[in-house]
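Geometric and topological summary
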Amino acid sequence: MTDFNTIAVLGLGTMGAGIAQVVARSGRSVVALEADEQRLDDGLAAVAAFLDGSVERGKLAPDERDAVLGRITGTTDVADLSSAEAVVESVSEQLEIKVALLERVAAVVGLDVPLLTNTSALSVTDLAARLPHPERVAGLHFFNPAPLMRTVEVVRALQTGETLVERLVALVGTFADKDPVVVDDRPGFLVNALLLPYLNDVIGELDAGLATAEDLDVALELGLGYRTGPMRMLDVIGLDVHLHATEAIHAATGDARYAAPPLLRRMVAAGRLGDKSGHGFRVTPDNHHEGQ
Ligand SMILES: NC(=O)c1ccc[n+]([C@@H]2O[C@H](COP(=O)([O-])OP(=O)(O)OC[C@H]3O[C@@H](n4cnc5c(N)ncnc54)[C@H](O)[C@@H]3O)[C@@H](O)[C@H]2O)c1
């Protein structure tokens, strides 16, 4: 192992559970922190379920699954993170929650241990400004589902040390099937800065009656070779997640391309959040079972 033999992952929710297994599959030890025992059990069970699925699909050997799980230790006590050589936080998307937790973690790890955030829409520079030794703060932004999506954005805040950026690029390079992209700390970083206006535009066209949701996907998948059409992608991302992200970038930039389309707001108000609620642009109560 070259660098970062033990990594703390804060939060084992949707993203943290995925990040923990990506890190553990690279041969590193993971100490995963959750807010309480129930959520810790749920998070560890989600990791195990994902790895079981990989075994069933023939992508992972059973003994490798056991080895990966054996490298992940769960805790609810910040003091147990003292051996971490890097920290990746993936807790709720609220600056105050992230700052409060990272301050506690910073007090138990070494002064030069990198504090990395998986935030999608908060400013890494704002976060760094609130933490001791801000030169060791950077973004390490995975996409959902973290074990499957190749791109990982290494986000350079104004304060981030250049050596840290290089070490993070090397770190991502040791993760299976992951490609690092270095990007400055701007709203939306790189991927979401490009993706969100495109998704908002398609929602607007749907609302204007250009085509059905299905035909919009067919046009972009079969016509342009996109792997997942925009409507299907929104259902997978979660319409509430997309609304939150686009509102945050709109608030930060004032750029009208990020303004939430009225149809998106109506869908979220109606509880039509995509796959997670069984009703979105493409998934409907009729085809929900089939779509899972
Ligand atoms: N969901 C996505 O598609 C996605 C994609 C990329 C990045 N992100 C970012 O990843 C982060 C996590 O998002 P998520 O979707 O996994 O959220 P989530 O709600 O699924 O998981 C967050 C987890 O953090 C835990 N948590 C909260 N406070 C904690 C504390 N003080 N100590 C320990 N654990 C605590 C919660 O119990 C929860 O399990 C956010 O910053 C989000 O913006 C999300």
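The structure reproduced in this document is the subject of the present report. (Residues numbered from 1 in each chain as written. Predicted model: local features only at pLDDT ≥ 70, side-chain atom pairs only at ≥ 80, totals over all residues.)

On to helix α10 (residues 239-253). With 15 residues, α10 extends 21 Å between its outermost C-alpha atoms, agreeing within 8% with the 21 Å of an ideal straight helix rising 1.5 Å per residue. Turning to α10, its buried residues number three or more, namely L239, H242, A245, T246, A248 and I249. Turning to α10, the residues buried within the fold contact α7 (191-207), α9 (230-237) and α11 (262-269). Downstream of α10 by a residue or two, G254 has a phi angle that is positive, lying close to 70°. (Helix = DSSP H or I, 4+ residues; strand = E, 2+ residues; numbered from the N terminus. Expected span 1.5 Å × (residues − 1). Buried ≥ 20, exposed ≤ 12 C-beta atoms within 10 Å, placed from the backbone. Contact = placed C-beta atoms within 7 Å.)

Of the two faces of strand β3 (residues 72-75), the one holding I72 and G74 is buried and the one holding T73 and T75 is not buried anywhere. Pairing geometry for strand β2 (residues 29-33) and β3, over 4 bridges, is parallel. The partner of A32 across the bridge, within β3, is G74. (Pairing = 2+ DSSP bridges.)

Relative to the helices and strands, D66 is located in helix α3 (residues 62-70). D66 sits in the exposed class, given 12 other C-beta atoms within 10 Å. For the pair D66 and P197, spaced 131 residues apart in sequence, the C-alpha to C-alpha distance is 42 Å.

Below, the discussion takes up the site of the ligand. Taken together, 24 residues surround the ligand, and among them G11, G13, T14, M15 and N144 come closest. Counting only elements with at least two residues in the shell around the ligand, the list comes to α1 (14-25) and α4 (95-106). Of the residues forming the shell around the ligand, the biggest block, 3 residues, is contributed by α1. Its residues placed into classes, the shell around the ligand shows 11 nonpolar, 10 polar and 3 charged. (Near = placed C-beta within 6 Å. Nonpolar A, V, L, I, M, F, W, Y, C, P; charged D, E, K, R; others polar.)

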